[in-house]
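Observations on the model geometry
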Amino acid sequence: MQFIDLKTQQKRVRQDIEDRIKKVLDHGQYILGPEGRELEENLSNFVGTKYGVGVASGTDALIMALMAYDVGPGDAIITTPFTFVATAEVIKLVGATPVFVDIEPDTFNIDTKKLEDTIKTVIEEKKLNLKGIIPVDLFGQAADYDIINKLANDNDLFVLQDACQSFGGEYKNKKTCSNAEIAATSFFPAKPLGCYGDGGMIFTNSDNVYEKLLSIRVHGQGIDKYENVRVGINGRMDTIQSTILLSKMSIFEDEIEKRQEVAKRYTEKLEGIVSVPHIKVDNLSAWAQYSVIHKEREKIIKHLQEQKLPVAVYYPIPLHLQKAFADLDYKSGDFPVSEKTAAEIFSLPMHPYLSETDQDIIVEAITKAVK
Ligand SMILES: *Cc1c(COP(=O)(O)O)cnc(C)c1O
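The structure contained in this document is the topic of the report that follows. (Residues numbered from 1 in each chain as written. Predicted model: local features only at pLDDT ≥ 70, side-chain atom pairs only at ≥ 80, totals over all residues. Heavy atoms only, no water.)

**Some words on the pairing of strand β2 (residues 75-79)**
The test is simple: Three labels apply to residues, based on accessible area from a 1.4 Å probe with only protein chains included: buried if under 20% of the type maximum, exposed if over 50%, partly exposed otherwise in between. What counts as a helix is a DSSP run of H or I of at least four residues, what counts as a strand is a run of E of at least two, and both are numbered from the N terminus. What makes two strands pair is DSSP finding at least two bridges between them.
When you tally the buried positions in β2, you get five out of five residues, the bulk of the element. The pairing of β2 with strand β4 (residues 129-133) spans four bridges and is classified as parallel. Within the sheet, the bridge partner assigned to I77 lies in β4 and is G132. Bridge analysis of β2 against strand β3 (residues 97-100) gives four bridges, and the strand direction is parallel.

**Description of the site of the ligand**
Condition: Only heavy atoms are used to decide nearness, and a residue is near a molecule or strand if one of them lies within 4 Å of it. Here a polar contact means two N or O atoms within 3.5 Å. Within protein one must be a hydrogen donor candidate and the other an acceptor candidate, and residues neighboring in sequence count only if both atoms are side-chain atoms. For every accessible area listed, the method is Shrake-Rupley and the probe measures 1.4 Å; residues are considered covered only by the protein chains on display. Put simply, Ala, Val, Leu, Ile, Met, Phe, Trp, Tyr, Cys and Pro go in the nonpolar bin, Asp, Glu, Lys and Arg in the charged bin, and everything else, Gly too, in the polar bin.
The ligand sits among 14 residues. The nearest are G58, T59, Q165, S186 and K191. Within the backbone of G58, one N or O atom sits 2.8 Å away from an oxygen atom of the ligand. Here an oxygen atom of the ligand and a side-chain polar atom of Q165 are 2.7 Å apart. For the ligand, whose accessible area on its own is 380 Å², the fraction buried by protein is 92%. Of all the secondary-structure elements, those providing two or more residues to the shell around the ligand are α3 (58-68) and α4 (86-93). For the shell around the ligand, the element with the highest residue contribution is α3, accounting for three residues. Grouping the amino acids of the shell around the ligand by side-chain chemistry returns five nonpolar, seven polar and two charged.

**So, the sheet that holds strand β7 (residues 174-175)**
Strand order in the open sheet formed by three strands is β7-β6-β10, and the pairing between neighbours is antiparallel. Each of the sheet's edge strands pairs with one partner strand only, and the pair in question is β7 and β10 (283-284). As paired strands, strand β6 (residues 170-171) and β10 are joined by two bridges and run antiparallel to one another. By the bridge assignment, E170 is partnered in β10 with L284.

Here it is as structure tokens:
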């Protein structure tokens, strides 16, 4: 049994992928080729934004978004400590300071009550210039953007949606990546929509931000890459990776539906045995992960591993307790919900092709372990 089965998926699109790659080999535009543009149009239409900018990874998507908003030293950006390291890493990489806000215990997304308090505190302290918020759509479920956008609006902040796990999901009947003024997603192979290497995309409706992103993506280019009007990066997505995503988009909506069925079945069978994921009304999760909570996590994991069943822990150490962020001077106890979640959470095999038989084996192993 696999944690994420990419082989079964590949069988559905293999011929089309080979045909598309062959076309790229024929035309030879490996960087910023026509398929890159086609993908940007396809995906921005899918999520419902004016623009999509294909980039080299989800991390580059986040970094470039921060660069487009001129975030730098002296600025503060709010995010949560219970996320993949990239979310906070990019804030430091542009020279700004991450400010953490704890998560909700049931969705693992930013706690908007605590967000409101922290915004107030940082502004009153006047030590840092609070500039933006990066809510994370953890495990595939969108954060609460109506509240977050309102708080941002009231305090003159921008919102960068970290949708690296939620592509294909929905917030109040609108696709993720369209819920804040700018959004970043990732096409790392294990994400809900993955390519066969690294890739990512930024989504925005702003003409101005779009123009800036195109320049940042190619070393801050002006008229061409030999006229440099700002400092940028090499943030481009390969043409071949774009073709793989174009191909996978033909089955993506079906896969998102299949993920709902897998998640629903897990929840029916595991409710009462472990604490199951909570999806808010009007949300559709992309189910990047199916994560459950139990006090005796280590015992359950050991039991699953003994039976060679795949299981993973996202994330064992919250970011405020990581060495990489020690200079922020946070300590154990600062974000109790993140800390408790990190100690008790674990994720089960989740992909559109998970069979009922395999699912039953997982459920039975967990049930036995907690008895
Ligand atoms: C995967 C991920 C990223 C980074 O994406 P890469 O493509 O691996 O660079 C950022 N944020 C979150 C929440 C992620 O899950």
